Amino acid sequence: MRKNIVAGNWKMNNTLQEGINLARELQKVLEGKTLKCEVIICTPFIHLASVAAEVKTIGVGAENIADKSSGAYTGEVSGAMIASTGAKYVIIGHSERRAYYGETNAILKEKVLLALANGLTPIFCVGEVLAEREAGKQNEVVGTQISESLFNLSTEDFGKIILAYEPVWAIGTGKTATSGQAQEIHAFIRKTVAGKYGNSVADAVSILYGGSCNAGNAGELFANPDVDGGLIGGASLSVDKFLPIIEAF
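Please read all numbers here as calculations on a predicted model, not as lab measurements. (Residues numbered from 1 in each chain as written. Predicted model: local features only at pLDDT ≥ 70, side-chain atom pairs only at ≥ 80, totals over all residues. Heavy atoms only, no water.)

## Overview of the packing of aromatic side chains
Quick note on the threshold: Any pair of Phe, Tyr and Trp rings, taking the six-membered ring for Trp, is counted once the centres come within 6.5 Å. Such a pair is stacked with planes under 30 degrees apart, edge-to-face with planes over 60 apart, and tilted for the rest. Helical segments are the DSSP runs of H or I of at least four residues, strand segments are the runs of E of at least two, and each set is numbered from the N terminus. Each residue's exposure class comes from its accessible area (1.4 Å probe, protein chains only) as a fraction of the maximum for that residue type: buried when under 20%, exposed when over 50%, partly exposed otherwise. Comment: the charge-over-ring label is applied if NZ (Lys) or CZ (Arg) is within 6 Å of the ring centre and within 35 degrees of the ring normal.
The full count for this structure, using the stated rule, is six aromatic pairs. With a centroid separation of 5.6 Å and 80 degrees between ring planes, the pair formed by Phe151 and Tyr197 is classed as edge-to-face. Pair noted here: Phe151 is in the loop between helix H7 (138-150) and helix H8 (155-158) and Tyr197 is in helix H9 (residues 179-197), with a separation of 46 residues, a long-range link. By the burial criterion, Phe151 is buried, and Tyr197 matches it. Feature note: the residues Phe151, Phe158 and Tyr197 constitute an aromatic cluster, connected by ring pairs. One cation-aromatic arrangement involves Arg97 over Tyr101; the distance from NZ or CZ to the ring centre is 4.2 Å.

Right under this line is the structure:
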């Protein structure tokens, strides 16, 4: 059975103390609850060590990782540095990193390798922009993102990956991805993985949905057979908004 996962992505939000307080509040609320999914919070680098020390049943991840292992790369944070904080996960290939910082499939390929080399679990993001969706190229775009960044991995290493689909066209555009559209692309992603690694590997990989998932639509989205949870942005910054998504399973 593959894992159900709800992961929060704080992005560039929360001071250190605000982040610690949020993590403490979430941990306190979740204690004693019987959950049907794993919960992960991915935080800015400055929060990692402090947050990891606060939580017991919540996974902790970084939002990015350098594509170099060490050296004269001012401002970068390596996989070894991330792992040393107690974090276990790292988001790689988020649409904002691709769009704003020019991260290519080749760069992301290196980041995945360095994450795995340091014992981190990549949450690897894929997704198409509005023009690509309107042109009917979503499968081509997503398939290429997966193949060019991940299909160099051994079967064993690919089995350590979590995938996350982001309909970039449905974020901040006024357009909304339906539950059916989410299932359709998630099924395509699983079929793509099966074509390379076989059905058993494809059936085991968790594929999260990352497009404006909230308390109102999480239950419908998570009911799809190929949607294994969510990568949650703004709603993860409030326990009141994040908890209903966690409990949607």
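## Section: the pairing of strand E2 (residues 38-43)
Test applied: Strands qualify as paired when DSSP identifies two bridges or more between them. With the strands aimed away from the viewer, a crossover counts as right-handed if its path from the first strand over the helix to the second runs clockwise.
By the criterion of burial, E2 is predominantly enclosed, with five of the six residues buried. Pairing geometry for strand E1 (residues 5-9) and E2, over five bridges, is parallel. In the strand pairing of E2, Ile5 is matched with Glu38. Crossover connection from E1 via helix H1 (residues 16-30) to parallel E2: handedness right-handed. As defined by bridge partners, E2 adjoins strand E3 (residues 59-62) across four bridges and the pair is classed as parallel.

## Considerations on the pattern of salt bridges
Selection criterion: Any Lys or Arg side-chain nitrogen located within 4 Å of an Asp or Glu carboxyl oxygen qualifies as a salt bridge.
Scanning the model with the defined rule gives 13 salt bridges in all. Where Glu54 meets Arg24, a salt bridge forms, and the shortest distance between an N and an O atom there is 3.0 Å. With Glu54 in helix H2 (residues 48-54) and Arg24 in helix H1, the pair connects residues that are 30 residues apart, well separated along the chain. Note on Arg24: relative accessible area 43%, which makes it partly exposed. Residue Lys160 pairs with Asp157 through a salt bridge whose shortest N-O separation is 3.1 Å. In the salt-bridge network here, residues are joined through shared partners; they are Arg2, Arg190, Asp226 and Asp228.

## Remarks on helix H5 (residues 105-117)
Under the convention used in this document: Given the number of residues in a helix, its expected span is that number minus one, multiplied by 1.5 Å. Any two residues whose heavy atoms approach within 4.5 Å are treated as being in contact.
Along its 13 residues, H5 runs 18 Å from first to last C-alpha, staying within 8% of the 18 Å computed at 1.5 Å per residue. Taken residue by residue, H5 has Asn105, Leu108, Lys111, Val112, Leu114, Ala115 and Leu116 as its buried positions. Elements that come into contact with the buried residues of H5 comprise strand E4 (89-92), helix H4 (95-101), strand E5 (121-126), H7 and H8. In the stretch just after H5, Gly119 is the one whose phi turns positive, near 75 degrees.

## Focus: the environment of Gly127
Positionally, Gly127 belongs in the loop between E5 and helix H6 (130-134). Among the residues examined, Gly127 registers a relative accessible area of 10% and is labelled buried. Contact partners of Gly127, with chain neighbours within four places excluded, come to Val141, Val142, Gln145, Tyr165, Glu166 and Val168.

## Re the side chain of Asp226
With respect to the helices, strands and loops of the structure, Asp226 is situated in the loop between helix H11 (218-222) and strand E8 (229-232). Each residue touching Asp226, except ones within four places of it in the same chain, is listed here: Arg2, Gln183, His186, Ala187, Arg190 and Ile207.

## Re the environment of Ser179
Looking at the secondary structure, you find Ser179 in helix H9. Through-space distance from the C-alpha of Ser179 to that of Phe222 is 8.8 Å; in sequence the pair is 43 residues apart. Apart from residues lying up to four places away in sequence, Ser179 is in contact with Glu220, Leu221 and Asn224.

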